[in-house]
Amino acid sequence: MQAYWMPFTSNRHFKSAPRMLVSADGMYYRDDLDRQILDGCAGLWCVNAGHNRQPIVEAIQKQAATLDYAPPFQIGHPKAFEAAEQLAAMAPAGLSKVFFVNSGSEAADTALKMAIAYHRVRGDAARVKLVGRERGYHGVNFGGISVGGIAGNRKLFPVSLPAVDHIKSTHDLARNAFSRGEPEFGAELADELEARITTLHDPSTIAAVIVEPMAGSTGVLIPPKGYLKRLREICDKYGILLIFDEVITGFGRLGADWAANRFDVLPDIITCAKGLTNGVVPMGALLIKPEIHDAFMAAAADRAIEFPHGYTYSAHPLACAAAIATLDVYRQEGLFGRAATLAPRFEDKVHALRGERHIKDIRNLGLVAGIELESRPGAPGARGMDVFLKCWEKGVLVRFTGDIIACSPPLIISEQEIDTLFSVIGEAIHETE
Ligand code: PXG
């Protein structure tokens, strides 16, 4: 066990009592003790169509045996174009260009670079500043942690892109605790973008604002009613690009294809990853307004590279094959609609936990729920981890961040499995000191 330094893991604790998954099918994992484990978080918010889906498995197998790798610069392969067409066809109307990357972190950094470069190619080179949000998560690369707002992910790396600011988080337990769906209070928090940020920085220096429409990693923070529309209005007023990081919210998670459609707010760029390939092969993408793409095309000389950016594994053939097959499964099985249909039961079951010890908030939207626990005095995060470990012992996989338990099951979950998921979480909380 010693060679593998595990990511975002308490390595010493893990290696003293390992938790090992060895196979997966449908809604369930199996561990090395041959126990069945209900997947309450779609792996890590990504396996939206459930595990071991044959059309996806077969597409990858076939692709590996046909064209295993193709260099993505100055050369193409058919699956890259097909995957982009399919994804654009599924994108919110108005986002018709696709740029592929390999993860959500790469998607965020690519979007930030694209935003700055977009203004530059239009001759607006003063727009270099980026605005994120407190408690936001945009992956772990330097751009992402600069605009991100999760303190624990930044404190060991106290360097940042220089021209960055953050708006306030929308988290407001005093006014919104135990909201079902979008909370009532907090749309005015978007006004800080105008009142403080544009005043302080001069709006003509701001390139982009990036937010998760629903903040996932930080512990499921649902946007207050009207908040995202207000952000859009302010960005429009000052010529600032709006980027939605839909790495979690894309592909049906909120009971709609995209959060942009769920909230009826069209950003200039969407970043996505995770559910794009059902988590089976790493892949991310940007969905982009054509005006942005066209500005790059218009600005570059003949035969010049319009956007000098990309990765060895951009549009990897296996990832493209997985994406095409995954989007097909979503469409064929109507999984986004299924998420919407299941959402009321999911909401009722999670809110039925209200009153259980330690619980100070429950929030939900689509097939996402967050259960926030009181922290143990002097030991923030300890109770959350204990609940996670108890759920694991009881055969349910959930996610925890600090003292918040997050659930985001595959969209194929059954009603009975929803009941099991929340009854096990309830028991685990009840048994936790
Ligand atoms: N943006 C968002 C909104 C994410 O949720 C990323 C970017 C980064 O994606 P990659 O593929 O680079 O990991 C994410 C990833 C959690 C958790 O605990 C969530 C993520 C990653 C790790 C843990 O909820 N989301």
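Residues numbered from 1 in each chain as written. Predicted model: local features only at pLDDT ≥ 70, side-chain atom pairs only at ≥ 80, totals over all residues. Heavy atoms only, no water.

**Q** Describe the overall build of the protein chain, listing the residues and the values that go with them.
**A** Within the protein chain, the secondary structure is distributed over 15 helices and 15 strands. The C-alpha radius of gyration computed for the protein chain amounts to 21 Å, which stays within 12% of the reference 22 Å derived for 433 residues, consistent with globular compactness. Considered along the principal axes of its C-alpha atoms, the protein chain spans approximately 65 × 55 × 45 Å. Counting the 433 residues in the protein chain, one finds 55% classified as buried. A separation threshold of at least 6 residues defines the contact pool for the protein chain, and within that pool the share at least 24 residues apart is 73%. Approximately 18,400 Å² of the protein chain is accessible, and the part contributed by carbon and sulfur atoms is 55%. Computing the positive centroid from 45 side-chain charges and the negative centroid from 51, the protein chain places the two 3 Å apart. (Helix = DSSP H or I, 4+ residues; strand = E, 2+ residues; numbered from the N terminus. Rg over C-alpha atoms; globule rule 2.2 N^0.38 Å. Buried < 20%, exposed > 50% of the residue type's maximum accessible area, 1.4 Å probe, protein only. Contact = heavy atoms within 4.5 Å. Areas by Shrake-Rupley, 256 points an atom, 1.4 Å probe, with all protein chains shown as cover. Lys, Arg positive; Asp, Glu negative; His and termini not counted. Charge placed at Lys NZ, Arg CZ, Asp CG, Glu CD.)

**Q** Residues and numbers for the domain arrangement of the protein chain, please.
**A** Each assigned domain of the protein chain is listed here: domain 1 (11-53 + 334-431) and domain 2 (58-333). The centre of domain 1, based on its C-alpha atoms, is set 26 Å off from the matching centre of domain 2. Contact residues are listed per partner, giving 39 residues for domain 1 and 39 residues for domain 2. Interface area for domain 1 against domain 2, summed over the two sides, is near 3,100 Å², with a carbon-plus-sulfur share of 58%. The three residues of domain 1 that bury the most area against domain 2 are Trp-45, Phe-336 and Leu-365, which together make up 26% of that side's buried surface. At the junction of domain 1 and domain 2, the tally comes to three salt bridges. Among the ionic pairs, Glu-333 bridges to Arg-53, the shortest N-O distance being 2.5 Å. Taken together, the connections running from domain 1 to domain 2 amount to 23 residue pairs in polar contact (both at pLDDT 80 or more). Secondary-structure elements contributing two or more residues to the side of domain 1 that touches domain 2 are helix H2 (42-45), helix H13 (335-351), strand E11 (359-365), strand E12 (368-373) and strand E15 (404-407). (Domains from an automatic or database assignment. Buried area = accessible area lost by both parts, 1.4 Å probe. Salt bridge = Lys/Arg side-chain N within 4 Å of Asp/Glu carboxyl O. Polar contact = N/O pair within 3.5 Å; in protein donor to acceptor, adjacent residues only side chain to side chain.)

**Q** Break down the sheet that holds strand E1 (residues 21-25) for me, citing the residues and quoting the values.
**A** Pairing in this open sheet of four strands is mixed, and the strands run E1-E2-E3-E13 from one edge to the other. Looking along the sheet, the strands with just one partner apiece sit at the ends: E1 and strand E13 (396-397). For strand E3 (residues 36-39) and E13, the ladder comprises two bridges, and the chain directions are parallel. Counterpart to Leu-38 in the pairing with E13 is Val-396. (Pairing = 2+ DSSP bridges.)

**Q** Describe the site of the ligand, with residues and values.
**A** With respect to spatial proximity, 15 residues lie near the ligand, and among them Trp-45, Ser-105, Ser-217, Asp-245 and Arg-399 are the closest. For the ligand, an oxygen atom lies 2.7 Å from a polar atom in the side chain of Trp-45. Side-chain polar atom of Ser-217 to an oxygen atom of the ligand: 3.4 Å apart, as the coordinates give it. Contact with the protein chains removes 86% of the 540 Å² of surface that the ligand exposes when unbound. Those elements giving two or more residues to the shell around the ligand turn out to be H2 and helix H5 (104-121). In terms of residue class, the shell around the ligand is made up of five nonpolar, six polar and four charged. Each of two domains, domain 1 (11-53 + 334-431) and domain 2 (58-333), supplies a minimum of three residues to the shell around the ligand. (Near = heavy atom within 4 Å. Nonpolar A, V, L, I, M, F, W, Y, C, P; charged D, E, K, R; others polar.)

**Q** Requested: an account of the sheet that holds strand E8 (residues 241-245), with residues and values cited.
**A** What the seven strands build is an open sheet, ordered E4-E10-E9-E8-E7-E5-E6; its pairing is mixed. Edge positions in the sheet fall to strand E4 (97-101) and strand E6 (164-167), since each of these pairs with one other strand and no more. Strand-to-strand twist in this sheet, taken as the mean axis angle between neighbours without regard to direction, amounts to 20°. As paired strands, strand E5 (residues 129-133) and E6 are joined by four bridges and run parallel to one another. By the bridge assignment for E6, Val-131 is matched with Asp-165. (Axes fitted to C-alpha atoms, helices over the stretch in contact; angles between N-to-C directions.)

**Q** If you had to explain the pattern of salt bridges to someone new, which residues and values would you point to?
**A** Throughout the structure, instances matching the rule amount to 31 salt bridges. Between Arg-196 and Glu-192 there is a salt bridge; the shortest N-O distance is 2.9 Å. In this pair, Arg-196 and Glu-192 both sit in helix H8 (residues 192-201), four residues apart, roughly one turn of the helix. Judged by its relative accessible area of 13%, Glu-192 falls in the buried class. Each of Asp-191, Glu-194, Arg-230, Glu-233 and Lys-237 takes part in one network of salt bridges that share partners.

**Q** Can you break down the packing of H13 against helix H15 (residues 415-430) residue by residue, with the values?
**A** Taken N-terminus to C-terminus, the directions of H13 and H15 make an angle of 20°; their axes are 9 Å apart at the nearest point. On the basis of their axis angle, the class for H13 and H15 is roughly parallel. Of the two elements, H13 crosses H15, and the hand of that crossing is right-handed. Mapping the contact onto sequence places Leu-342, Arg-345, Phe-346, Lys-349 and Val-350 in H13 and Glu-415, Ile-418, Asp-419, Leu-421 and Phe-422 in H15. (Parallel < 35°, antiparallel > 145°, perpendicular 65-115°, else oblique. Left-handed = near helix turned anticlockwise from the far one by under 90°.)

**Q** Quick one: what's the story with unusual backbone geometry, residue by residue and with numbers?
**A** Non-glycine residue Trp-45 carries a positive phi angle of around 65°. Topologically, Trp-45 is positioned in helix H2. In this structure, Asp-264 is a non-glycine residue whose phi angle is positive, near 55°. Here Asp-264 falls in the exposed class, since its relative accessible area comes to 57%.

**Q** Summarise the nonpolar core; cite the residues concerned and give the values.
**A** Nonpolar side chains in soluble globular proteins tend to be buried together. Counting 102 residues, the largest nonpolar core has Phe-251, Ile-371, Leu-421, Phe-422 and Ile-425 as the members making the most contacts within it. Per-element accounting of this core gives the leading share, 11 residues, to helix H12 (residues 317-333). In this structure, this core is formed jointly by two domains, domain 1 (11-53 + 334-431) and domain 2 (58-333), each of which donates at least three residues. If sequence neighbours within four positions are ignored, Phe-422 has contacts with Phe-346, Lys-349, Val-350, Leu-353, Ala-369 and Cys-407. In this structure, Val-164, Ala-208, Ile-269 and Ile-292 belong to the second largest nonpolar core, which totals 24 residues. (Core = buried A, V, L, I, M, F, W, Y, C linked by side-chain atoms within 4.5 Å.)

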